[in-house]
Amino acid sequence: MAREHGTDETVVDVEGRHLRLRRLEKVLYPATGTTKAEVLAYVTAVAPALLAQLHQRPLTRKRYPDGVTGGSFFEKNVPRGVPDWIRTVEIEVPGSTKDRETVRYPLLDDLAGLVWLVNLAALELHVPQWRVGPRGGVRDPDRLVVDLDPGEGAGLAECAEVAVAVRDRLAEDGLRCHPVTSGSKGVQLYAAVSGRQDADVLRSYAHRIAEEMERERPRLVVSRMTKRLRGGKVLLDWSQNNSAKTTVAPYSPRGRHRPCAAAPRTWAELDDPGSLRQLTLEEVAARYARDGDLLAPLAEPGPRVPTR
């Protein structure tokens, strides 16, 4: 039960954790008037599925303290004042010198942790494709991600066409893809892998697939980041499998003009690309209540990817 403290602070009990929430009526999405309280209601509604995507993954946050029109910043280290019940893990910064820097990331286990972060206006939650073990050791990736990013003149319809082609190609190697509209512009495809191959192997595999798709569909697909090559095409971004990269977590809100979320989709929806669009927080919550977690199969180990 919540207790009011003045006009801008509320103390709430979240699964036995007491949290002080500030300015619940603060508008985070001015275009729709969506408040912090409404974003909290969303993450509460989808918490089991969102936490499954965050489990044991070091969490990078994109914070919007003045709402989505007021600027933002990425945050890796836990902020000052982090509750002592939030688990953390300290990881060496990839590519640093022998006097290595480290980052102390939060690991979210429960709804209270999600509420704590949203209270800080951490709208976007970004994670790597690998997890950490019980003692904080970095494990090999347990999933492959292909990020389909439309260039100027392309959109979700083109992304859907490429997604189906990638799905069919990865199926030849035994991988089962799950589509997610990003909540921003494009589509992401996730596939469970064995967890017994390192990130360099997965990145190289995704790169080969991207180049293959580009050769087969040169008018639609590009595998290179160069912006001048991307007009009217879909970038098949293989680099998201780099161990240092993160991708917005499925079910995470996005800090865009409208309050949308990264939304798991069905392949039937991608077969009707003309009606495909990004989904709002309310729509994603309603779909989860109706259909359950479409990404639950990602929890099961997948195959090894071919190395040549």
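Being a predicted model, the structure only gives us computed values, none of them experimental. (Residues numbered from 1 in each chain as written. Predicted model: local features only at pLDDT ≥ 70, side-chain atom pairs only at ≥ 80, totals over all residues. Heavy atoms only, no water.)

**Q** Teacher, can you tell me more about the overall build of the protein chain here?
**A** Summing up its helical and strand segments, the protein chain has 7 helices and 17 strands in all. Whereas a compact globule of 308 residues would reach a radius of gyration of roughly 19 Å, the protein chain reaches 20 Å, a difference of no more than 12%. Reported as C-alpha extents along the three principal axes, the dimensions of the protein chain are approximately 65 × 50 × 35 Å. Classification of the 308 residues of the protein chain by burial places 54% in the buried group. Partitioning the intrachain contacts of the protein chain with sequence separation of at least 6 by distance along the chain shows that 65% fall at a separation of at least 24. (Helix = DSSP H or I, 4+ residues; strand = E, 2+ residues; numbered from the N terminus. Rg over C-alpha atoms; globule rule 2.2 N^0.38 Å. Buried < 20%, exposed > 50% of the residue type's maximum accessible area, 1.4 Å probe, protein only. Contact = heavy atoms within 4.5 Å.)

**Q** How do you make sense of the environment of Leu59 when you look at a structure like this?
**A** Considering the arrangement of structural elements, one finds Leu59 in the loop between helix 2 (47-54) and strand 6 (60-63). As a C-alpha pair, Leu59 and Val146 span 87 residues in sequence and 20 Å in three-dimensional space. Ignoring any residue separated from it by four or fewer positions in sequence, one finds Leu59 in contact with Leu54, Glu75, Lys76, Tyr105, Pro106, Leu108, Leu117, Leu125, His126 and Val127.

**Q** What should I look at first to understand the pattern of salt bridges in this one?
**A** Opposite charge on two side chains permits pairing when their charged atoms draw close. Scanning the entire structure with this criterion turns up 21 salt bridges. With its nearest N and O atoms 3.2 Å apart, the salt bridge here joins Arg217 to Glu216. Overall, the relative accessible area of 31% leaves Arg217 in the partly exposed class. Taking relative accessible area as the criterion, Glu216 reaches 48% and is therefore assigned partly exposed. (Salt bridge = Lys/Arg side-chain N within 4 Å of Asp/Glu carboxyl O.)

**Q** Before we go on, may I ask you to explain the sheet that holds strand 12 (residues 177-181) in this structure?
**A** Within a beta sheet, neighbouring strands are joined by backbone hydrogen bonds and run either parallel or antiparallel to one another. With mixed pairing, 6 strands are arranged side by side in an open sheet as 14-15-11-13-12-17. Edge positions in the sheet fall to strand 14 (221-222) and strand 17 (263-264), since each has one partner strand and no second. Across 2 bridges, the pairing between strand 14 and strand 15 (residues 234-237) is parallel. Across the sheet, Val221 pairs through a bridge with Val234, a residue of strand 15. (Pairing = 2+ DSSP bridges.)

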